[in-house]
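These are the residues of each chain, in order.
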Number of protein chains: 2
Amino acid sequence: MPTSRSYRDSCGIARALDVLGERWALLVVRELLLVPQRFSELRRALPHVSSNLLADRLRELEHHGVIRRAPAPAGGAQAYELTERGRRLEPILGALGDWGIEAPQPPPPAALSATSVLLFLRGAARPDPAAPPVTCRLELDGRAWTVDLADGRVQVAPGEPATAAASLRAEPTTLSALLADPDSLADACADGSVAVVGDLSAIRRLLAAVADPWSSGDQ
Amino acid sequence: MPTSRSYRDSCGIARALDVLGERWALLVVRELLLVPQRFSELRRALPHVSSNLLADRLRELEHHGVIRRAPAPAGGAQAYELTERGRRLEPILGALGDWGIEAPQPPPPAALSATSVLLFLRGAARPDPAAPPVTCRLELDGRAWTVDLADGRVQVAPGEPATAAASLRAEPTTLSALLADPDSLADACADGSVAVVGDLSAIRRLLAAVADPWSSGDQ
DNA sequence: CAGGATCCTTAGCGATACTG
DNA sequence: CAGTATCGCTAAGGATCCTG
């Protein structure tokens, strides 16, 4: 039985929260920012949400026109994707994530979904505009992603790249640690927590694009 | 007893929601965007929040460094104000409000706080850059505000203006209706729901700055 | 009266088990 | 795989009562 409580406030903020303010709602939207996802994929990305609650949130978000059921890209089953209205939440969630990252206290040990890491990667990476383009393949939670570095910009797309200089497979949390400390790449490869195929220097460039503050200044 | 549950997710969005995701938290921040407020003022602005819950939220937001207790501007009692970190939520709340306003369904009858109306006014007004500056005084819920129109921009500040072309007193909801339909000003004055003192045309200019789409295009 | 604290009820949440 | 059913728990909602 879906939630139906309202702030009874005409303000736009309150009306937005009537739709997005229930628990887990915005994290469901976050998971759909990069690619449509199926019910079970959402459960893996958000392991602490119970199935009935996830079903409730999906119903509510669909009812409010934030997401819709998509006719399944492949495999027969359906998936959930953002509507145009839902996609307009992307800059808001990006800003909210930036705000949350600069928290005073260090983050306690916690999980991280593939989407979270990729969103952070895309938002934080500042690749050298002068460097030649490079394409990497990332494999997170069993799904392949294409990451393009070109002209000082980063593009993250779901699916296999047509061609890539290198491929990296790791747990999302491990990749996140790697982004924070690129020098640990060699150790991570050695102990098997990260598997790299192809040109290791391409991976180094990807990690350095996030870590290096050479182009900092928030712009 | 303050709420302490976490999404246990290292993503910045989830960590932001650990602080701001509990019910009423973001609406409390909204109320503090324009001016520090006292406990009782927050209760009037958010009539549907119970006093214990409001006290809980204030404690939590203070603990997370979003608000702080201010030594009371006047009157002896204390007030709550945003910290620097809390003030950085302003653009996010603005964007969220814009998103919430363009909802598909018409808004059901609901209340509106003075802050809500003023935030909307400030965000939506597009005064003619060529017109001469004008200062209006607004009195909402017993508190005076100074609204300046100049150079195509609107400034909203708490407190009495040094000098003003006109003063308008009304319920926040009435002012909101007036912003949506400036032509009803005469009727509203006639039936007493709006009290205007001074130059009526200054008020008309204020209302027209919000209603007129002459400078639309969202920029 | 401002600024809460206390109590009680209800509804949303979390976890587990179950079904088409 | 994609949900539904059930149930104990906890936060939200509402009223009342305290304290300076």
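What you see is a predicted model, and the numbers here were worked out from it, not measured in a lab.

Asker: Help me out: how do you make sense of the domain arrangement of chain A in this one?
Answerer: Often, the extent of an interface is quoted as the loss of accessible area upon association of its parts. Residue and element names in this part refer to chain A. Domains assigned within chain A are domain 1 (12-100) and domain 2 (114-216). Taken residue by residue, the interface counts ten residues in domain 1 and ten residues in domain 2. Taking both sides of the interface into account, the surface hidden between domain 1 and domain 2 amounts to around 860 Å²; carbon and sulfur atoms contribute 52%. If you sort the residues of domain 1 by the area they bury against domain 2, Arg30, Leu34 and Val35 come out on top, with a joint share of 60%. Put simply, glutamate 90 and arginine 122 hold a salt bridge, and the shortest N to O gap is 2.7 Å. Applying the counting criterion to the domain 1 and domain 2 interface returns six residue pairs in polar contact (both at pLDDT 80 or more). Counting only elements with at least two residues in the side of domain 1 that touches domain 2, the list comes to α2 (25-31) and α3 (39-45). Among the residues forming the side of domain 1 that touches domain 2, the class breakdown is four nonpolar, one polar and five charged.

Asker: Hey, could you run me through the protein's contact with DNA strand D in this one?
Answerer: DNA strand D sits among 24 residues. The nearest are Ser51 of chain A together with Arg23, Trp24, Asn52 and Arg57 of chain B. Backbone atoms, meaning sugar plus phosphate, form 67% of the atoms of DNA strand D positioned within 4 Å of the protein. The contact in question runs from a phosphate oxygen of DNA strand D to an N or O atom on the side chain of tryptophan 24 of chain B, over 2.6 Å. Between DNA strand D and histidine 48 of chain B, the relevant distance is 3.5 Å, taken from a phosphate oxygen to a main-chain nitrogen or oxygen of the residue.

Asker: Got a minute to help me understand the sheet that holds strand β5 (residues 153-158) of chain A in this structure?
Answerer: Note: strands within a sheet are paired through backbone hydrogen bonds, in either parallel or antiparallel orientation. Residues and elements named next belong to chain A. Spatial strand order, β5-β4-β3-β6-β7: five strands in an open sheet with mixed pairing. Single-partner strands in this sheet number two, and they are β5 and β7 (194-198). Put simply, the sheet's adjacent strands are angled 20 degrees from each other on average, direction ignored. Pairing analysis gives five bridges linking strand β6 (residues 166-170) to β7, with the strands arranged antiparallel. Of the residues in β7, the one forming a bridge with leucine 168 is valine 196.

Asker: Would you mind showing me how to read a negative patch on the surface here?
Answerer: Residue and element names in this part refer to chain A. A cluster of acidic residues, Asp181, Asp183, Asp187 and Asp191, forms a negative patch at the surface. For aspartate 191, the location among the structural elements is in the loop between α9 (185-190) and β7. The exposure class assigned to aspartate 191 is exposed, which follows from its relative accessible area of 58%.

Asker: Could you clarify how one ought to interpret unusual backbone geometry in this entry?
Answerer: Positioned with a positive phi, aspartate 141 of chain A is a non-glycine residue whose angle comes to about 50 degrees. Checked against the element boundaries, aspartate 141 of chain A lands in the loop between β3 (134-140) and β4 (143-150). Even without being glycine, arginine 8 of chain B reaches a positive phi, approximately 50 degrees. Summarising the element assignment, arginine 8 of chain B is placed in the segment before α1 (12-20). Looking at arginine 8 of chain B, the relative accessible area reads 48%, which means it is partly exposed.

Asker: Quick question: what am I supposed to make of the interface of chain A and chain B here?
Answerer: On the chain B side, the residues contacting the 46 residues of chain A number 46 residues. Summed over the three residues of chain A that lose the most area to chain B, namely Tyr7, Arg23 and Trp99 of chain A, the buried surface amounts to 19% of that side. Remark: the boundary between chain A and chain B carries five salt bridges. Glutamate 102 of chain B serves as the salt-bridge partner of arginine 88 of chain A, at 2.1 Å between the closest nitrogen and oxygen. The interface formed by chain A and chain B includes 16 residue pairs in polar contact (both at pLDDT 80 or more). For the side of chain A that touches chain B, the secondary structure elements donating two or more residues are α1 (12-20), α2 and α6 (90-101) of chain A. Here the residues of the side of chain A that touches chain B sort into 26 nonpolar, ten polar and ten charged.

Asker: Any chance you could explain the protein's contact with DNA strand C here in plain terms?
Answerer: Around DNA strand C, the structure places 24 residues, and the nearest of them are Arg23, Asn52 and Arg57 of chain A together with Ser51 and Tyr80 of chain B. The protein-proximal atoms of DNA strand C, defined as those within 4 Å of the protein, are 71% sugar or phosphate. A distance of 2.5 Å separates a base nitrogen of DNA strand C from a polar atom in the side chain of asparagine 52 of chain A. Glutamine 78 of chain B has a polar backbone atom sitting 3.2 Å from a phosphate oxygen of DNA strand C. Classifying every residue of the surface near DNA strand C by side-chain character gives six nonpolar, ten polar and eight charged.

Calculation notes
- Residues numbered from 1 in each chain as written.
- Chains lettered and ligands numbered in written order.
- Predicted model: local features only at pLDDT ≥ 70, side-chain atom pairs only at ≥ 80, totals over all residues.
- Heavy atoms only, no water.
- Domains from an automatic or database assignment.
- Contact = heavy atoms within 4.5 Å.
- Buried area = accessible area lost by both parts, 1.4 Å probe.
- Salt bridge = Lys/Arg side-chain N within 4 Å of Asp/Glu carboxyl O.
- Polar contact = N/O pair within 3.5 Å; in protein donor to acceptor, adjacent residues only side chain to side chain.
- Helix = DSSP H or I, 4+ residues; strand = E, 2+ residues; numbered from the N terminus.
- Nonpolar A, V, L, I, M, F, W, Y, C, P; charged D, E, K, R; others polar.
- Near = heavy atom within 4 Å.
- Pairing = 2+ DSSP bridges.
- Axes fitted to C-alpha atoms, helices over the stretch in contact; angles between N-to-C directions.
- Patch = residues over 30% accessible without salt bridge, like charges linked within 9 Å, V, L, I, M, F, W, Y side chains within 5 Å.
- Areas by Shrake-Rupley, 256 points an atom, 1.4 Å probe, with all protein chains shown as cover.
- Lys, Arg positive; Asp, Glu negative; His and termini not counted.
- Charge placed at Lys NZ, Arg CZ, Asp CG, Glu CD.
- Buried < 20%, exposed > 50% of the residue type's maximum accessible area, 1.4 Å probe, protein only.

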